[in-house]
Amino acid sequence: MYKKIVVLLCFVSLLIGCTSQPEAADVVAEAETAEETVVEQTAQAKTVWAEVNDENNLLSEQQKELLHSFALCCAETLRDVQPADIGNLFAETEGEESFINKTAYNALCEIRNMQKPALSLEYAGVVYNVDTAYDGGRGIVVELYENNVQKFRHLKEESLTYNTYHKFVLVQTDGEWKIKSHLQEEDFFLLAQEAWEDAQGGTLAEKSENAVKLLRADAEENFVLCGEKLNEYIQLDVSKEYDREKAVEYASQWCNKRNPEYLEYDLYGGNCQNFASQCIYAGGMDMDIKGTYTCQWKFYGKDLNFYQTARGRSYSFIGVDEFYSYAVYNTGSGLALQPDISIDYAEKGDVIQVGAYGKWRHSLVVTDVLKDENGKITDIVLASNTADRWNYPLSAYIYTYPRLIHIDGQY
């Protein structure tokens, strides 16, 4: 960059020597503008990046370049909270697959732009790790896993997402590789697919626009509902305190992998509540084997067990709705929980469940709470499995209806 500036100034000096004073001033101004543009573009490039790792050389260079372009568009979208143009990367630029993908990223940006604080990023990076690639008959099927980093301006540390599954089908069109179809198993993409199925429209463009409108309307309603019908906070009497720091420490260790001492439920609706329950247990809470099956919280083995014995597992250990039911109905023994109180009472190690579009979808573990100078919560930082995330702000989720399950300890 220093050499560029020197050359530019030398060139300007030569021009000044053979021009009038006003003309020289114009040349200098133009040169300064050009240099500012170069600096701005260089800085811009450093704030977004993408990689495609293909350790087994399963893809051609052209195929990897196509995936790199898609990943870079995704990173730009995250950074700017403004959808990058991905349509030209599809075999049918105005086809259904192109519009479904554009709907997903449009919806993500739409919902994030509704939130406070502002969710534009300092920088974003997307890395694709190719797992398999094979000829599926109608194109080359590529399965890969994404890791990404997002640096939200209001957080001190980076937010990390791991192991997001993608499935691409690539085809050659006029000698160029293009995307025929793409599936991304991530919250905003799956939610957008649901809205796409419900949306009406005479054209694909109209259907896409209406799908985003459905999700926006749902978010607007959720912002109101999440502040209504809250329970009053009560200080519960407990016999055992909850070690919140140990719960967060466990979350940090296992947010991007699975503890072999437990079953994995990624392929059976998600591992999120299983992970949250493990964090609670790591925080020193004992398994609860007393009461009916809705009031037990335990994991001793893979088989369901409704008897009051230290065997098998309960629904509440692994299910989002079931853990909430346990929080509502359990009293006298086991976990001392307070569901549906104001999110202002959130503390490290608590569980926040989030919903959207008429369903409760995900359980998250609180790892930090951000407050303003008056002590009011401005955002909550979370960890989870499926999606595997660390240091991720609640405000960035497309699931816009949170409910807090506060953990006081153990009865």
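As a reminder, the structure under discussion sits directly above these lines.
Basis of the calculations
- Residues numbered from 1 in each chain as written.
- Predicted model: local features only at pLDDT ≥ 70, side-chain atom pairs only at ≥ 80, totals over all residues.
- Heavy atoms only, no water.
- Helix = DSSP H or I, 4+ residues; strand = E, 2+ residues; numbered from the N terminus.
- Buried < 20%, exposed > 50% of the residue type's maximum accessible area, 1.4 Å probe, protein only.
- Contact = heavy atoms within 4.5 Å.
- Areas by Shrake-Rupley, 256 points an atom, 1.4 Å probe, with all protein chains shown as cover.
- Salt bridge = Lys/Arg side-chain N within 4 Å of Asp/Glu carboxyl O.
- Core = buried A, V, L, I, M, F, W, Y, C linked by side-chain atoms within 4.5 Å.
- Lys, Arg positive; Asp, Glu negative; His and termini not counted.
- Polar contact = N/O pair within 3.5 Å; in protein donor to acceptor, adjacent residues only side chain to side chain.
- Phe/Tyr/Trp six-rings, centres within 6.5 Å; stacked < 30°, edge-to-face > 60°.
- Lys NZ or Arg CZ within 6 Å of the ring centre and 35° of its normal.
- 1 Å grid on protein atoms, 1.4 Å probe; cavity = no way out; pocket = protein on both sides within 12 Å on 5 of 7 lines; lining within 4 Å.
- Points joined across faces, edges and corners; volume = space filled by probe spheres on them.
- Nonpolar A, V, L, I, M, F, W, Y, C, P; charged D, E, K, R; others polar.
- Expected span 1.5 Å × (residues − 1).
- Axes fitted to C-alpha atoms, helices over the stretch in contact; angles between N-to-C directions.
- Left-handed = near helix turned anticlockwise from the far one by under 90°.

S.K.: Can you walk me through the overall build of the protein chain in this structure?
M.R.: Assigned secondary structure in the protein chain consists of 9 helices and 12 strands. Within the span of the protein chain, comprising 411 residues, buried residues form 50% of the whole. Counting only contacts in the protein chain whose residues sit at least 6 apart along the sequence, the fraction spanning at least 24 positions is 61%. Element-wise, carbon and sulfur atoms account for 50% of the exposed surface of the protein chain, whose accessible area totals about 20,500 Å².

S.K.: What am I meant to see in the pattern of salt bridges here?
M.R.: Close approach of charged atoms allows side chains of opposite charge to pair. Throughout the structure, instances matching the rule amount to 16 salt bridges. Residue R216 pairs with E110 through a salt bridge whose shortest N-O separation is 2.8 Å. Taken together, the residues span a long stretch of sequence, with R216 in helix α6 (residues 204–225) and E110 in helix α4 (residues 96–112) at a distance of 106 residues. For E110, a relative accessible area of 28% gives the class partly exposed. Where D350 meets R244, a salt bridge forms, and the shortest distance between an N and an O atom there is 3.0 Å. Here D350 is found in the loop between β7 (335–341) and β8 (351–356), whereas its partner R244 is found in helix α7 (residues 244–254), with 106 residues between them in sequence. By relative accessible area, which is 0% here, D350 ends up buried.

S.K.: For this particular structure, what's the right way to read the nonpolar core?
M.R.: One recurring pattern in soluble globular proteins: nonpolar side chains tend to sit buried together. Grouped together as the largest cluster of nonpolar side chains are 71 residues, with contacts concentrated most on L67, F70, Y128, V142, F168 and L170. Counting residues per element, this core draws most heavily on helix α3 (residues 61–80), which supplies 8 residues. Ignoring sequence-local partners within four residues, the contact set of Y128 consists of E51, V52, N53, L67, F70, A71, C74, L144, Y145, E146, H166 and F168. Membership of the second largest hydrophobic core comes to 30 residues, among which are Y250, A276, I280 and Y326.

S.K.: Would you mind showing me how to read the side chain of K298 here?
M.R.: If you trace the backbone, K298 turns up in the loop between α8 (272–282) and α9 (320–329). D288 is the oppositely charged side chain nearest to the buried, salt-bridge-free K298, at an N-O distance of 9.0 Å. Separated by 2.8 Å, the side chain of K298 and the backbone oxygen of Y307 make a polar contact. Once residues lying within four places of it in the same chain are set aside, the contact partners of K298 are M287, D288, I289, N305, Y307, T309, R311, G312, R313, S314 and F317.

S.K.: Please clarify how the packing of aromatic side chains should be interpreted in this entry.
M.R.: In this description, an aromatic ring pair is defined by two values, namely the gap between the centres and the angle between the planes. Enumeration over the complete set of coordinates arrives at 19 aromatic pairs. Relative to Y392, the ring of F152 lies with its centre 6.1 Å away and its plane at 85°, an arrangement referred to as edge-to-face. Within this pair, whereas F152 is found in strand β3 (residues 140–152), its partner Y392 is found in strand β11 (residues 388–393), the two being separated by 240 residues in sequence. Side by side, F152 and Y392 carry an identical accessibility label, which is buried. Taken together, the ring pairs connect F70, F90, Y105, Y128, F168 and F188 into an aromatic cluster. Sitting above the plane of the Y392 ring, R389 keeps its charged end 4.3 Å from the centroid. For the cation-ring pair, R403 lies above Y324, with the distance from its terminal atom to the ring centre recorded as 3.6 Å.

S.K.: Would you mind showing me how to read empty space enclosed by the protein here?
M.R.: Leftover empty space is mapped by rolling, across the atoms, a probe with the size of a water molecule. Under the counting rule described, the total for this entry stands at 2 cavities of 30 Å³ or more. Taken as a whole, the largest cavity encloses approximately 120 Å³ of empty space. What lines the largest cavity is a set of 18 residues, and nearest its centre among them are L78, L108, N148, E186 and F188. Contributions of two or more residues to the lining of the largest cavity are made by α3, α4, β3, α5 (187–198) and β11. Looking at the lining of the largest cavity residue by residue, the classes come out as 10 nonpolar, 3 polar and 5 charged. Its volume calculated, the second largest cavity comes out at about 40 Å³. Among the elements that make up the lining of the second largest cavity, the one with the highest residue count is α6 (3 residues). Partitioning the lining of the second largest cavity into residue classes produces 6 nonpolar, 1 polar and 1 charged.

S.K.: I keep staring at α3 and nothing clicks. Help me out?
M.R.: Compared with an ideal rise of 1.5 Å per residue, which puts 20 residues at 28 Å, α3 spans 28 Å between its outermost C-alpha atoms and is within 8% of the ideal. All of the buried residues in α3 are Q63, K64, L66, L67, F70, A71, C73, C74, A75, T77, L78 and R79.

S.K.: So what exactly am I meant to see when it comes to the environment of H182 here?
M.R.: Examined against the element boundaries, H182 turns out to sit in strand β5 (residues 176–184). Spatially, the C-alpha atoms of H182 and H166 are 7.1 Å apart, while their sequence positions differ by 16 residues. Setting aside its immediate chain neighbours within four residues, H182 contacts F70, F90, E97, N101, H166, K167, F168 and F189. One polar contact links H182 to N101, side chain to side chain, over a distance of 2.5 Å. Among the polar contacts made by the side chain of H182, one reaches the side chain of H166 at a distance of 2.8 Å.

S.K.: Just to check I follow, could you spell out the packing of α4 against α5 for this structure?
M.R.: When two helices pack together, their arrangement is given by the angle between the helix axes and by the axis-to-axis distance. The geometry of α4 relative to α5 is characterised by a closest axis approach of 9 Å and an angle of 120° between their N-to-C directions. Taken as a pair, α4 and α5 cross one another with a handedness that is right-handed. Contacts between α4 and α5 involve E96, F99, I100, N101, T103, A104, Y105 and L108 on the former and, on the latter, F188, F189, A192, Q193 and W196. Looking at the contact of α4 with α5 residue by residue, the class counts come to 9 nonpolar, 3 polar and 1 charged.

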